[in-house]
Amino acid sequence: MSLIWILIIAAVIIIAAICIEIYRETHNFCVTRFSVHSKKMDDLEDDKIKIIFLSDLHNKEYGEKNERLLRAIRQTFPDLILIGGDMLVGKEKASYGPALSFVESLTAFCPVIYANGNHEQRMKEEPEKYSSSYKEYRRLLRSKGVLFLENGSTQVKVHGKKIRISGLELPLETYKKFRKEHVDGGTVEECLGFVPRERADRDYQILLAHNPAYMDAYKEWGADLILSGHLHGGIARIPGIGGVISPQAFLFPKYSGEMTTEGEQTIIVSRGLGSHTINIRLFNMPEVILIELKKSL
């Protein structure tokens, strides 16, 4: 057999293997577990607080009515569920039905707090473009007990520990392709109305901020734990490097689907659960994130 035929056969095998892997990853998910330690948790009455973080479902369904996904979340026995946005698809004539059904079901497990992504935000700000109403979607979820944070904050108490959670909505311009707007800690302060270091209570501060492209601003603002998504893990991931491309068409984004500890701050970026437009994932399994907040080491 000639070298050319050997190379052709090898190429076919590699392409077939990649296609099989893409199919596997676009039809399955995993539960990724992270432990986060903080001095601010030292007065925690229990050994940990379990938080499920979900992002970028984009109406994806794992089994009938997302039964596989719901079962996996239920088995973690969460204390709190945080949603980082883009559970639906903000496109003309796209239904919010799958996202609505899934998020409603989550309320049977524990409190659910929801911060918008760019898909929910553009439906809210440009309702004339969408047949599905964001206002109705939000109303129905609120009626089931879901708390929406739209440039807002709330305080929850879990196992005797107070936690402040804020949901950030930057202007839609910050999502445009091939460009990055100027966003700093002051921008975040303008949106949310405070900075954590100025609060007398010094609660543990979680920030839900959908787009990790502006992570430096979130860190400057002062959150203890920053939760983002949006990048779908970078579509494909290179081991040791990370995600390949962001939705804004920037290559190799710094934060794309991992946990990073920088000083006293922790950053977790979800690889998300679904996809839209480009239905491809490679070495980039969709994920449910389970965060265990614990006392300092």
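Residues numbered from 1 in each chain as written. Predicted model: local features only at pLDDT ≥ 70, side-chain atom pairs only at ≥ 80, totals over all residues. Heavy atoms only, no water.

Chemist: What is the right way to look at the pairing of strand E13 (residues 265–269) in this model?
Modeler: Within a regular strand, the side chains alternate between the two sheet faces. Of all five residues making up E13, five are buried, and the element is well covered by its neighbours. Across the two faces of E13 the burial is the same, with Gln-265, Ile-267 and Val-269 and Thr-266 and Ile-268 all buried. Direction of pairing for strand E9 (residues 225–228) relative to E13: parallel, over a ladder of four bridges. Among the inter-strand pairings, Ile-226 is bridged to a residue of E13, identified as Ile-267. Where strand E12 (residues 259–262) folds back onto E13 in an antiparallel hairpin, the turn is made up of two residues, including Gly-263, whose phi is positive at roughly 65 degrees. (Buried < 20%, exposed > 50% of the residue type's maximum accessible area, 1.4 Å probe, protein only. Helix = DSSP H or I, 4+ residues; strand = E, 2+ residues; numbered from the N terminus. Pairing = 2+ DSSP bridges.)

Chemist: Just to check I follow, could you spell out the side chain of His-230 for this structure?
Modeler: One can find His-230 in the loop between E9 and strand E10 (237–238). His-230 gets classed as buried once you look at its relative accessible area, which sits at 5%. Separated by 3.3 Å, the side chains of His-230 and His-210 make a polar contact. Once residues within four sequence positions are removed from consideration, His-230 is found in contact with Ser-55, Asp-56, Asp-86, Asn-118, Tyr-175, His-210, Asn-211, Pro-212 and Pro-247. (Polar contact = N/O pair within 3.5 Å; in protein donor to acceptor, adjacent residues only side chain to side chain. Contact = heavy atoms within 4.5 Å.)

Chemist: Sorry, what's going on with the sheet that holds strand E14 (residues 287–295) here?
Modeler: Sheet strands line up and pair through hydrogen bonds in the backbone, either parallel or antiparallel. Spatial ordering of the open sheet is given by E1-E14-E2-E3-E4-E5, a layout of six strands whose pairing is mixed. At either end of the open sheet lies a strand with only one pairing partner, and these are strand E1 (30–38) and strand E5 (147–149). When strand polarity is set aside, the average angle formed by the axes of neighbouring strands in this sheet is 25 degrees. In the sheet, strand E3 (residues 80–83) pairs with strand E4 (residues 112–115) via three bridges, with the strands oriented parallel. Across the sheet, residue Ile-81 finds its bridge partner in E4, namely Val-112. Along the sheet, helix H5 (residues 134–143) makes contact with E4 and E5, crossing E5 at roughly 135 degrees. (Axes fitted to C-alpha atoms, helices over the stretch in contact; angles between N-to-C directions.)

Chemist: Help me out: how do you make sense of the nonpolar core in this one?
Modeler: Side chains of a nonpolar character, in soluble globular proteins, are inclined to be buried together. Core analysis: the biggest nonpolar cluster contains 32 residues, and Leu-54, Met-87, Phe-102, Val-103 and Tyr-137 have the highest contact counts within it. Elements with a contribution of two residues or more to this core: strand E2 (49–54), helix H2 (67–74), E3, helix H3 (97–106), E4, H5 and E14. Per element, the largest residue contribution to this core is five residues, and it comes from H3. Here Tyr-137 is in contact with Met-87, Leu-88, Tyr-96, Ala-99, Leu-100, Val-103 and Tyr-114, once residues within four sequence places are set aside. Counting 25 residues, the second-largest nonpolar core is a separate cluster that includes Val-36, Leu-149, Tyr-204 and Ile-289. (Core = buried A, V, L, I, M, F, W, Y, C linked by side-chain atoms within 4.5 Å.)

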